[in-house]
Amino acid sequence: MRGQKPAVVAAAVIASLCLGTGVAAAGDGWGPARPGSDGAGDSYYPQDGNGGYDVADYNLKVTYDPASHQLTGLQDIAARATQSLSSFNLDLRGLTVDSVKVDGRDAKFSRTGDHELVITPSRTLRRGQKFEVKVAYHGVPAPINDPSLGNNGWQYAQAGGAFAAGEPKSATTWYPVNDTPLDKATFHLAITVPDEWGVIANGREKPSIKTPNGTTHVWAEETPIVPYMTTVAIDKWTFDRQKRKDGTPIISAFAPGVPDSTKQAEARLPEILDFLESKFGKYPIDAAGGIFLNEQIGFSLETMSRPIYSAGWAGTVPTIVHENAHQWYGDSVAVAHWKDVCLNECFASYATWLWDEGKEGVDLNKQYADNVKKASTAFWNGKLYDMGAGNEFTYVYSKGPMMLHALRNYVGEQAFSRVLKTWPALHRNGNASMQEFQRYTELVAHKNLQGFFDAWVYGAGKPADQYLFPGGLKPAA
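Source: prediction; values computed, not measured. (Residues numbered from 1 in each chain as written. Predicted model: local features only at pLDDT ≥ 70, side-chain atom pairs only at ≥ 80, totals over all residues. Heavy atoms only, no water.)

Participant: So what exactly am I meant to see when it comes to the domain arrangement of the chain here?
Facilitator: Interfaces are often sized by the amount of accessible area the parts lose when they come together. We note that the domain assignment places domain 1 (34-233), domain 2 (237-335) and domain 3 (338-469) within the chain. A C-alpha centroid distance of 24 Å is found between domain 1 and domain 2. Across the boundary between the two partners, domain 1 contributes 33 residues, which contact 30 residues of domain 2. Buried surface at the junction of domain 1 and domain 2, both sides included, amounts to about 2,300 Å², of which 61% is carbon and sulfur. Together, Ile200, Arg204 and Met229 form the three largest contributors to the area buried by domain 1 at its contact with domain 2, with a combined 25%. A salt bridge links Arg204 to Asp286; the shortest N-O distance between them is 3.9 Å. Counting the contacts that link domain 1 with domain 2 gives 13 residue pairs in polar contact (both at pLDDT 80 or more). For the side of domain 1 that touches domain 2, the secondary-structure elements that each account for two or more residues are strand S12 (150-156), strand S13 (162-165), strand S15 (198-201), strand S16 (204-211) and strand S17 (214-225). (Domains from an automatic or database assignment. Contact = heavy atoms within 4.5 Å. Buried area = accessible area lost by both parts, 1.4 Å probe. Salt bridge = Lys/Arg side-chain N within 4 Å of Asp/Glu carboxyl O. Polar contact = N/O pair within 3.5 Å; in protein donor to acceptor, adjacent residues only side chain to side chain. Helix = DSSP H or I, 4+ residues; strand = E, 2+ residues; numbered from the N terminus.)

Participant: What's the story with empty space enclosed by the protein in this structure? I'm lost.
Facilitator: Where empty space is left becomes clear once a probe the size of a water molecule has been rolled over the atoms. In this structure, the largest cavity encloses a volume near 100 Å³. Taken together, Ala40, Gly41, Asp42, Tyr45, Asp48, Asp179, Thr180, Pro181, Leu182, Ala336, His337 and Trp338 make up the full set of residues lining the largest cavity. Classifying every residue of the lining of the largest cavity by side-chain character gives six nonpolar, three polar and three charged. (1 Å grid on protein atoms, 1.4 Å probe; cavity = no way out; pocket = protein on both sides within 12 Å on 5 of 7 lines; lining within 4 Å. Points joined across faces, edges and corners; volume = space filled by probe spheres on them. Nonpolar A, V, L, I, M, F, W, Y, C, P; charged D, E, K, R; others polar.)

Participant: Got a minute to help me understand the pattern of salt bridges in this structure?
Facilitator: Two side chains with opposite charge may pair up if their charged atoms get near one another. Counted under the stated rule, the structure contains 16 salt bridges. The salt bridge partner of Asp274 is Arg244, with a shortest N-O separation of 2.7 Å. Of this pair, Asp274 sits in helix H3 (residues 269-280) while Arg244 is found in the loop between strand S19 (238-243) and strand S20 (249-254), placing the two residues 30 residues apart along the sequence. Judged by its relative accessible area of 32%, Asp274 is partly exposed. A relative accessible area of 6% places Arg244 in the buried class. In the salt-bridge network here, residues are joined through shared partners; they are Arg244, Asp246, Asp274, Glu277 and Lys282. (Buried < 20%, exposed > 50% of the residue type's maximum accessible area, 1.4 Å probe, protein only.)

Participant: It is not clear to me how the sheet that holds S12 should be interpreted in this structure. Could you clarify?
Facilitator: Two strands in a sheet stick together by hydrogen bonds in their backbones, pointing the same way (parallel) or opposite ways (antiparallel). The strand order across the open sheet built from five strands is S11-S12-S13-S18-S15, with neighbouring strands paired in antiparallel fashion. The strands lining the two open edges of the sheet, one partner per strand, are strand S11 (144-146) and S15. Taken over all neighbouring pairs, the strand axes of this sheet differ in orientation by 25° on average, direction set aside. Of the strand pairs in this sheet, S12 and S13 are connected by four bridges, and their pairing is antiparallel. Bridging from a neighbouring strand, Gly153 pairs with Ala165 of S13. (Pairing = 2+ DSSP bridges. Axes fitted to C-alpha atoms, helices over the stretch in contact; angles between N-to-C directions.)

Participant: Even after reading the chapter, I still don't get helix H9 (residues 413-426), so can you show me in this structure?
Facilitator: Here H9 is 14 residues long and its end C-alpha atoms lie 20 Å apart, about the 20 Å a rise of 1.5 Å per residue gives. At Leu420, H9 is bent by approximately 25°, the largest bend along its length, and proline Pro424 sits one to four residues beyond. (Expected span 1.5 Å × (residues − 1). Bend = angle between axes of the 7 residues up to and from the residue.)

Participant: Explain the packing of H9 against helix H10 (residues 434-445) here, please?
Facilitator: To characterise two packed helices, one gives the angle between the axes of the helices and the distance between these axes. Where H9 contacts H10, the axes come no closer than 10 Å and their chain directions differ by 130°. The angle between H9 and H10 falls in the class oblique. H9 and H10 meet at a crossing whose hand is right-handed. Contact with H9, carried on its side by Ala415, Arg418, Val419, Thr422, Trp423 and Leu426, involves Glu436, Phe437, Tyr440, Thr441, Val444 and Ala445 of H10 and no other residues of that element. (Parallel < 35°, antiparallel > 145°, perpendicular 65-115°, else oblique. Left-handed = near helix turned anticlockwise from the far one by under 90°.)

Participant: What exactly am I supposed to notice about the sheet that holds strand S5 (residues 85-91) here?
Facilitator: Sheet architecture is open: four strands sit in the order S2-S5-S9-S8, paired in mixed fashion. Edge strands, defined here as strands with exactly one partner in the open sheet, are strand S2 (34-35) and strand S8 (108-112). Direction of pairing for S2 relative to S5: parallel, over a ladder of two bridges. Paired with Arg34 across the two strands is Leu85, which belongs to S5.

See below:
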């Protein structure tokens, strides 16, 4: 997210680093069935997500009428029980549930709290059992109004369209889901809208289907995706379609009124992806592009394969670089916990530094020194780890790239470049923590980095000079 504010590793090493990141809850083995937990246990958002099962795929069929805002959905979830289950939860805000079936049989369901859908199947589910859930529902979606983070989820465009975007929450406003970064799944969407409206979503575009009610637009994201990275956007789009040299499809959509300067910036996406690939390794997603709104929403977001951009300030090359860097850092490798969000934002923000260095000839050492010179006490006290719920998206954009440039100089160019390129491959389609990143960097650099990480990441305050000006870094004159 970007707001308006400012390679061979031994098998033993991989085994030690790749800690389990699936949704927890091995449960009590083959013991008595019990309810799955009603939260995934994140320290900031403990009720988001659920335990007791792991989703493999969401297959969502939606009909949406822009005039009435009415949405009718049928969600088909393929999952596997990670404990013996007497009941389990999905996350869904508002919207009326009409029926639930588990493995083709009617299931009992109830609603609790602001987003819990409690499902009791007619037969208990054994640990390890694969099962299918069908949820039929309808209603008028509404965004989550967060006092710290603004509107998240299903939102309405002034011209009559709609779009889904938000972090850390979004998906629950328009479909039933296990809303935790720890449960990635493939995502298939078929959405029917009146013929005059266009649709763009995640993944690869499939052939559309004419129906008596309009046109069904079909999209398939085959790369496992975190729920908040799913999106759909409905408008009178102008589409731009191109391909990368390797054949990866690039589809971008521009709402009416988006300026030519934004379209010209997005036209550089193949060049941007090639550059990022040179820094971070092979592009880890099977499609690319962008969704350019004509709405001021206060942020742009790294929705997988197809970032979504606010109007105005966001339609620039640096923002496009930032959001596409997230496809490696944040999307392919997602956070284990929200306190680890620097693993997303610090790296995407540093990608714009690397772009300026590689494409514009900017002297990053001088830029770093100038930033140190003008940094305030509040800046140095800004946290890059465990910053607290609602404070995730603050200093990671400014202090974050400073930390990474200092780390680059502390461990040396060769080690730093190797870490940047191999870390996403090591954790591809998984989750990771800051501590895992620290240990991996120590392995590659052959250096104890506890002092550096304590000074820059885990603690607050201005780092001591040995961490502030390592290697070739010097204070500004």
